[in-house]
Amino acid sequence: MGWIGFKEGCLKPEEARRILEENGLRVEKMFRLELEIEGEWIPFLVYDVVGYIEGTACYFARTTGCVSLEGGKHLILGEVSAKIWDEAVRVCSPEGVEYMVTVYTFDGFLDVRIPSKHVKGLEPQIVVGGRVYRLPLSMDDLEEIAGMGRVYVEKIEKAASVYGIERIVSREALEELRRRREEREKIFQYEVDYDSGFAVVNKGGRVSAMTLPRFLEFLIENGRLDDVEKIYREAPEEHKKEVAEAILEVRDIWKVLGRSTERIEEVIRRLGLMAGEGEARGQG
């Protein structure tokens, strides 16, 4: 499929369609674009056509008296085998003046088509999983692509790194992704297995396992003193001593490292472990 276009206002759409069909071309659809030619922006009504079009822009310019354009595979600038090339249109005036205007850059590695600075009205595109998506991608597009598999998501990530995230993903989708990430980061769930001495932690949707002393240290570092107190108070009686020892162990390690133990001391006071510190360590 190729393009044939006429300067807007020179021919009525129905007249242009008739002329194209009389010359053996089947018209599929019409759209509007503007081209920058010698510093001037010229609007065109362009028709997607099926049929042989090479050289027809100058022919139609002579026979209709309208500035005309053609575009198709015969106007690829560069080697297709290199997988990155420019796509151009040929513009002809009734006086026989001819111009070549680059309208797209095509990236065959990422299947991306980016309009040039010399054209208005064309949409950037990316092909993912055999489907053509208009850029920048919407949230619905991203969810659909994510459902295809990780390899397709990586394609979008690579395109964003090459062409810039805001050219590949819409502002609305970026805002939604940020909102969802913030919601995930709020997730903080844990379950302590006092018998094994481990805690299973879900933080921001990522699940990990920590030893009880490391988990208590993590809670203290992040100011979650209420959780430390909860873990101690909910511990079975036969494990309270182990939890107390773990809290005191964190305090001692921080002292050796020269770190402030003010927050840990606060936890120890709140739990009433100061008086029973020797007992907690098995010394009483």
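Basis of the calculations
Residues numbered from 1 in each chain as written. Predicted model: local features only at pLDDT ≥ 70, side-chain atom pairs only at ≥ 80, totals over all residues. Heavy atoms only, no water. Helix = DSSP H or I, 4+ residues; strand = E, 2+ residues; numbered from the N terminus. Rg over C-alpha atoms; globule rule 2.2 N^0.38 Å. Buried < 20%, exposed > 50% of the residue type's maximum accessible area, 1.4 Å probe, protein only. Areas by Shrake-Rupley, 256 points an atom, 1.4 Å probe, with all protein chains shown as cover. Lys, Arg positive; Asp, Glu negative; His and termini not counted. Charge placed at Lys NZ, Arg CZ, Asp CG, Glu CD. Pairing = 2+ DSSP bridges. Contact = heavy atoms within 4.5 Å. Axes fitted to C-alpha atoms, helices over the stretch in contact; angles between N-to-C directions. Core = buried A, V, L, I, M, F, W, Y, C linked by side-chain atoms within 4.5 Å. Parallel < 35°, antiparallel > 145°, perpendicular 65-115°, else oblique. Nonpolar A, V, L, I, M, F, W, Y, C, P; charged D, E, K, R; others polar. Patch = residues over 30% accessible without salt bridge, like charges linked within 9 Å, V, L, I, M, F, W, Y side chains within 5 Å. Salt bridge = Lys/Arg side-chain N within 4 Å of Asp/Glu carboxyl O.

1. A look at the overall build of the protein
Right, on to step 1. Along its length, the protein carries eleven helices and 13 strands.
Right, on to step 2. In terms of overall dimensions, the protein is more spread out than a globule: its C-alpha atoms have a radius of gyration of 34 Å, far above the 19 Å expected for 284 residues.
Right, on to step 3. Over its C-alpha atoms, taken along the principal directions, the protein stretches across nearly 110 × 35 × 35 Å.
Right, on to step 4. Classification of the 284 residues of the protein by burial places 40% in the buried group.
Right, on to step 5. Carbon together with sulfur atoms contributes 48% to the accessible area of the protein, which is approximately 16,100 Å² in total.
Right, on to step 6. When the 42 basic and 54 acidic side-chain charges of the protein are each reduced to a single mean position, those positions are 1 Å apart.

2. Things to note about the sheet that holds strand β1 (residues 2–7)
Right, on to step 1. Ordered by their spatial adjacency, ten strands build an open sheet running β8-β2-β3-β1-β4-β5-β6-β7-β9-β10, and the pairing between neighbours is antiparallel. At either end of the open sheet lies a strand with only one pairing partner, and these are β8 (119–120) and β10 (131–134).
Right, on to step 2. Alignment of strand β2 (residues 26–37) against β8, held across two bridges, turns out to be antiparallel. What sits directly across from Leu35, in β8, is Val119.
Right, on to step 3. Relative to the sheet, helix α1 (residues 13–22) contacts β1, β2 and β3 (40–50), its axis offset from that of β3 by approximately 50 degrees.

3. A few points about the pairing of β1
Right, on to step 1. Taking burial as the measure, the six residues of β1 include five buried ones, the bulk of the element.
Right, on to step 2. Pairing of β1 with β3 involves six bridges; the strand directions are antiparallel. Bridge assignment links Trp3 to a residue of β3, and that residue is Asp48.

4. Topic: the nonpolar core
Right, on to step 1. By size, the foremost hydrophobic cluster in this structure holds 29 residues, and its most contacted members are Phe215, Leu216, Leu219, Ile231, Val243 and Ile247.
Right, on to step 2. Contact partners of Val243, with chain neighbours within four places excluded, come to Tyr194, Leu212, Leu216, Ile231, Tyr232 and Ala235.

5. Some remarks on the packing of helix α3 (residues 139–148) against helix α4 (residues 150–163)
Right, on to step 1. Interhelical geometry of α3 versus α4 gives an angle of 135 degrees and a closest axis separation of 5 Å. As the angle between them shows, α3 and α4 are arranged oblique. Contacts between α3 and α4 involve Leu142, Ile145, Ala146 and Met148 from the former and Tyr152, Val153 and Ile156 from the latter.
Right, on to step 2. A per-class count over the contact of α3 with α4 returns seven nonpolar, no polar and no charged.

6. As for the sheet that holds strand β12 (residues 198–203)
Right, on to step 1. Here we have three strands laid out as an open sheet, ordered β11-β12-β13, and antiparallel in their pairing. In this open sheet, the two edge strands, each paired with only one partner strand, are β11 (188–193) and β13 (206–211). In this sheet, neighbouring strand axes are inclined to one another by 20 degrees on average, regardless of whether the strands run parallel or antiparallel.
Right, on to step 2. Across six bridges, the pairing between β12 and β13 is antiparallel. Residue Val200 lies in a different strand from β13, and its bridge partner there is Ala209.

7. A few points about the pairing of strand β7 (residues 112–115)
Right, on to step 1. Side chains of β7 alternate between two faces, with Val112 and Ile114 buried and Arg113 and Pro115 left unburied.
Right, on to step 2. What sits between the antiparallel neighbours strand β6 (residues 98–107) and β7 is a turn of four residues, in which Asp111 has the positive phi angle 60 degrees.
Right, on to step 3. Examined bridge by bridge, β7 and strand β9 (residues 125–128) share two bridges and lie antiparallel to one another. When the bridges of β9 are listed, Arg113 appears paired with Gln125.

8. Notes on a negative patch on the surface
Right, on to step 1. Together, Glu191, Asp193, Asp195, Glu237, Glu238 and Glu242 line one region of the surface with negative charge.
Right, on to step 2. The set of elements that each furnish at least two residues to the negative patch consists of β11 and α9 (237–256).
Right, on to step 3. Position of Asp195 relative to the elements: it lies in the loop between β11 and β12.

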